[in-house]
Amino acid sequence: MTAGTTNASRGRHNDRLPAEVTSFVGRRHEVAEVRQLLAASRVVTLAGMGGVGKTRLALRAGHEMRRAFRDGVWLVELASLTCPASLAHAVAEALEIRDETTDPRLAVVAEHLRGKQALIILDNCEHLLDACAVLAETLLRAAPEVRILATSRQALGIAGEQALAVPPLSLPGEDESSSVEELTQNEAVRLFAERARAVLPSFAVTEDNGEVVRRIVRRLDGLPLAIELAAVRLRALSPRQLLERLDDRFRLLTAGSRAVLPRHRTLRALIDWSYGLCSDKERLLWQRASVFADGLDLEAAEAVCCGDGIAREEVVDLVIGLVDKSVLLREDHADGGVRYRMLDTLRAFGWEHLAFAGGREALRARHAGYYRELAARAREKLFGPAQLAWFRRLQAEHANLRAALEWSFATPGQYGAGVVMSADLLYHWITSYYLAEGRHWLERALASGAGPPVERGRALWAAAWLALVQADLPAAHAMLREGRRIGERLGDESLLGFVTMFCGMAAMVEGRPREAIVCYRQALELHRVSGDPVALALTLTRLSLAHSFLGESAPAVAAAQECLAVCEAYGERWHKAYTLTALGVELWRQGELERATELERAGLDYNRSMGDVLGEALTIEVLAWIAASRREYQRAARLLGVVSGVWGMVGAALSGYGHLAGYHDACERRTREALGGVAFEAAVRRGAGMERAEAVAYALREGRAAPDGSRAGPGDGPLTRREAQIARLVAQGMTNKEIAASLVIAQRTAEGHIEHILTKLGFNSRAQIAVWVGQRKREGDGVEERQAGGRSPDEEPP
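Residues numbered from 1 in each chain as written. Predicted model: local features only at pLDDT ≥ 70, side-chain atom pairs only at ≥ 80, totals over all residues. Heavy atoms only, no water.

**Let's talk about the overall build of the protein chain**
Within the protein chain one finds 38 helices and seven strands. Long-range pairs, those at least 24 residues apart, make up 71% of the contacts in the protein chain between residues at least 6 apart in sequence. (Helix = DSSP H or I, 4+ residues; strand = E, 2+ residues; numbered from the N terminus. Contact = heavy atoms within 4.5 Å.)

**Examining the sheet that holds strand E4 (residues 147-152)**
The five strands are arranged E2-E3-E4-E1-E5 in an open sheet whose pairing can be described as parallel. Strand pairing shows two members of the sheet lacking a second neighbour, strand E2 (73-77) and strand E5 (161-165), which therefore form its edges. When the angles between neighbouring strand axes are averaged without regard to direction, this sheet yields 20 degrees. Its contacts with the sheet place helix H1 (residues 28-40) against strand E1 (43-47), strand E3 (119-123), E4 and E5, and it is angled at close to 170 degrees to E5. (Pairing = 2+ DSSP bridges. Axes fitted to C-alpha atoms, helices over the stretch in contact; angles between N-to-C directions.)

**Comments concerning the nonpolar core**
Ranked by size, the top nonpolar core spans 159 residues in total, and within it Trp 286, Tyr 371, Tyr 427, Trp 465, Phe 502 and Trp 625 carry the most contacts. Here the element with the most residues in this core is helix H30 (residues 613-629); it accounts for 12 residues. The contact partners of Phe 502, leaving out residues within four places of it in the chain, are Trp 461, Trp 465, Leu 468, Leu 480 and Leu 538. (Core = buried A, V, L, I, M, F, W, Y, C linked by side-chain atoms within 4.5 Å. Buried < 20%, exposed > 50% of the residue type's maximum accessible area, 1.4 Å probe, protein only.)

**Considering the packing of aromatic side chains**
Counted under the stated rule, the structure contains 18 aromatic pairs. Centroid distance Trp 588 to Trp 625: 5.3 Å. Interplanar angle 40 degrees. Geometry classified as tilted. Placement of Trp 588 in helix H28 (residues 574-589) and of Trp 625 in helix H30 is noted, with a sequence separation of 37 residues between them. By relative accessible area, Trp 588 is classed as buried at 14%. Overall, the relative accessible area of 1% leaves Trp 625 in the buried class. Taking 5.2 Å as the distance between ring centres and 85 degrees as the angle between the ring planes, the aromatic pair formed by Trp 588 and Tyr 663 counts as edge-to-face. Of this pair, Trp 588 sits in helix H28 while Tyr 663 sits in helix H32 (residues 661-675); the two residues are 75 residues apart in sequence, bridging distant segments of the chain. Cation over ring: Arg 283 sits above Tyr 275, and NZ or CZ is 5.6 Å from the ring centre. We note Arg 635 situated over the ring of Tyr 698; from NZ or CZ to the ring centre the distance is 4.5 Å. (Phe/Tyr/Trp six-rings, centres within 6.5 Å; stacked < 30°, edge-to-face > 60°. Lys NZ or Arg CZ within 6 Å of the ring centre and 35° of its normal.)

**A closer look at helix H27 (residues 553-570)**
Helix length check: H27, at 18 residues, gives a terminal C-alpha distance of 26 Å against a target of 26 Å (1.5 Å per residue), a fit within 8%. All of the buried residues in H27 are Ala 556, Val 557, Ala 559, Ala 560, Cys 563, Leu 564, Val 566 and Cys 567. Those residues of H27 hidden inside the fold are in contact with helix H26 (533-549) and H28. Positive phi shows up at Gly 571, right after H27, with a value of about 70 degrees. (Expected span 1.5 Å × (residues − 1).)

**Quick notes on helix H15 (residues 344-357)**
Given a rise of 1.5 Å per residue, 14 residues ought to cover 20 Å, and the 20 Å separating the end C-alpha atoms of H15 matches this to within 8%. All of the buried residues in H15 are Thr 345, Leu 346, Arg 347, Phe 349, Gly 350, Trp 351, His 353 and Leu 354. Directly beyond the C-terminal end of H15, a positive phi value near 85 degrees is found at Gly 358.

**Re unusual backbone geometry**
Look at Glu 96: it is not a glycine, yet its phi comes out positive at around 60 degrees. Residue classification places Glu 96 among the buried residues on the basis of a relative accessible area of 10%. One non-glycine residue, Asn 124, lies in the positive phi region at around 70 degrees. Tracing the backbone through its elements, the reader meets Asn 124 in the loop between E3 and helix H5 (129-142).

**Overview of the side chain of Glu 572**
Structurally, Glu 572 is set in the loop between H27 and H28. One buried charged residue, Glu 572, forms no salt bridge at all, with the nearest opposite charge on Arg 573 at 8.0 Å. A polar side-chain atom of Glu 572 sits 3.1 Å from the main-chain amide nitrogen of Lys 576. Filtering out sequence-adjacent residues up to four positions away, Glu 572 remains in contact with Leu 382, Phe 383, Gly 384, Gln 387 and Cys 567. (Lys, Arg positive; Asp, Glu negative; His and termini not counted. Salt bridge = Lys/Arg side-chain N within 4 Å of Asp/Glu carboxyl O. Polar contact = N/O pair within 3.5 Å; in protein donor to acceptor, adjacent residues only side chain to side chain.)

**Concerning the confidence of the model for the protein chain**
This prediction gives the protein chain a mean pLDDT of 84; 87% of its residues lie at or above 70. Note on residues 248-265: pLDDT is under 50 here. Beyond four places in sequence and across chains, it has 18 contacts. Note on residues 781-798: pLDDT under 50 across the span, and 13 contacts to partners over four residues away in sequence or across chains. (pLDDT = per-residue confidence, 0-100.)

**As for the packing of helix H23 (residues 473-490) against helix H24 (residues 493-509)**
Relative to each other, H23 and H24 sit at 155 degrees, their axes nearing to 9 Å. Looking at the two axes, H23 sits roughly antiparallel to H24. Handedness of the H23/H24 crossing: left-handed. Of the residues in H24, those in contact with Leu 473, His 477, Leu 480, Gly 483, Arg 484, Ile 486, Gly 487 and Glu 488 of H23 are Leu 495, Leu 496, Val 499, Thr 500, Phe 502, Cys 503, Ala 506 and Val 509. In terms of residue class, the contact of H23 with H24 is built from 10 nonpolar, four polar and two charged. (Parallel < 35°, antiparallel > 145°, perpendicular 65-115°, else oblique. Left-handed = near helix turned anticlockwise from the far one by under 90°. Nonpolar A, V, L, I, M, F, W, Y, C, P; charged D, E, K, R; others polar.)

**Quick notes on the environment of Thr 345**
Tracing the sequence through the fold places Thr 345 in helix H15. Taking the relative accessible area as the measure of exposure, Thr 345 reaches 15% and is therefore buried. Between the alpha carbons of Thr 345 and Ile 271 there is a distance of 9.0 Å; along the sequence they are 74 residues apart.

**Here we look at the pattern of salt bridges**
If you walk through the whole model with that rule in mind, you get 36 salt bridges. The salt bridge involving Arg 402 is made with Glu 437; its shortest N-O contact spans 3.0 Å. Taken as a pair, Arg 402 in helix H18 (residues 398-410) and Glu 437 in helix H21 (residues 435-448) lie far apart in primary sequence, 35 residues in all. Arg 402 sits in the buried class, given a relative accessible area of 6%.

This is the structure we're talking about:
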């Protein structure tokens, strides 16, 4: 496979468009128009004011059109970006392009999409309009079958663009004699009623309140965000009380500028009214929370938003107050943590009010300071039992980390802090799909010339490591030479130890294993003096691989065992996984296939928990060699297919472990000879077409796993086990609330699963789910028998 191969190139639909956790109301005409425009034009922009529903319309159109795009429909969310230079990185991340070569990101994205048939949704382009226009034109020229659907407050202004003005929802007429049945057929009324029921389950449009509801939605000009915010107020107000307060607020706004469109005044009036319902301290927290790029947790709110009128111990109650008022949206995460998100329009409103109050720059400084401290704490916890939690936390905070770095390198006097932060995040860059972006920040740090020499030295060896992973040896050598000069001048044994160790890694890549071993042993002596367990583990693993490569089994095993002891003493897992892989390679060389397999599977399981794609690929590569040694050639070929895309994304086979390429070539040659060219290529394609989770499960011999790691039953079709379970509860007539209570999950989580079920099955109603469940139940026994087929768990399917 070529560089940058991803799930999008494997002939599947992208299932990562966010689920519609609330019902989609109306817009049938607009959805149809979007589809018609995309059939005639390669770039369509949905233009309109904030809160009019551009994003929801784009996502619904994307869901409905996904079968028309062989290589998927992909959402690129741009609201949290503040720097045009980060646009290409954000697009590559959203498209799951695992290409960590040194090529410019825009060129990588364009090359990845060449020959693809895909729809790219660029959401919230208005603050990056010029950059988005350049990006769109570049991608359209490179990929003739790609289409772009953009949302923006104004058109991109590029050739061939079709702009669709997104209007508010249709409104009921002024005729007060409309029946309840007629009224509830209107889009704006339906949206208000459905959102009202979400906060007040007993709510219904009746003869008694129908006229009030009609007047409310007309006052709100049919704006979806305005309607949703108003409906939330029914927690405390009657419909009539709500209408009366809207009337008061709107009358005050009529004195505003007549140059502003009425709908804009309406939205501002509603948000301003919500703002007015907050206490002074809640308003202040709203303003300060608008500095976060992509959500926040309670600790971040307490650190960044307190002071100057808000005591730290008050923050939690203020957050609860903003959640109750739907200013902050609570989001539960799989690790049990809770984060809060603010709608972009509300975030922009808060930021604007912060400008009136002053202090934007001071708040940005506090935000950047907090995330610099977070990065430093993560580095301190890197080697220990809290490692996994910190890896995941940094992944969740990536947009805020990026914003902190952008501010640091854009603010005079802060460059040195940016140098430290970019180096502190080294393991975040190398384990979380951000290798190319991490090298970008480290090279920007080095180019700034800021920071004390010891920190520059650390940034040099960190950047050199990333360059070695990308097989950019000239750049790595240059950085290591400078790092050595700094280390010798300072007499810094830790810095010299890292530089020497990475010089050994470069020697291995260049085919000089004896020289590498000398470097590794010199580095070990320096690291033993500094007592850095991270450095010891990293060096011992590489030393073990070097001895193994030369056939020196005893020192290879001894180095690996010493490294495992260090890792065990600290409760460390990431370096342990790589050490298990190294030890497995040596045991495979000795012919101890069972023990080697056990070690590789243990390492793969660790890497899966960390989300380390490169680590997973290295271990699966070794499992392919073991499979070929066992004459399981079909399996070996499929595993080689799995890793081919990963090595392509980095631009270097066996990234960082190029000295092992001979083993790969021998495995491929032996497997091709055993299967024949046609069968070999077919098996490789099957491996390359696997989802990442499915591929890891296959390598671990866990059977066919669902994307979330659970196994779907034989009668569950495309659904995961959890989705199938929820589908059966829907068929029993349970409500979302009852399903959530039954499964002990959040109601929003249950709603999200149901939306995924509807999307996967192509249905529009719960009744269709119930019918489908009944049909599967009747067919289940026969299907299960056919799928089981008496095959043993380890037998290769045809």
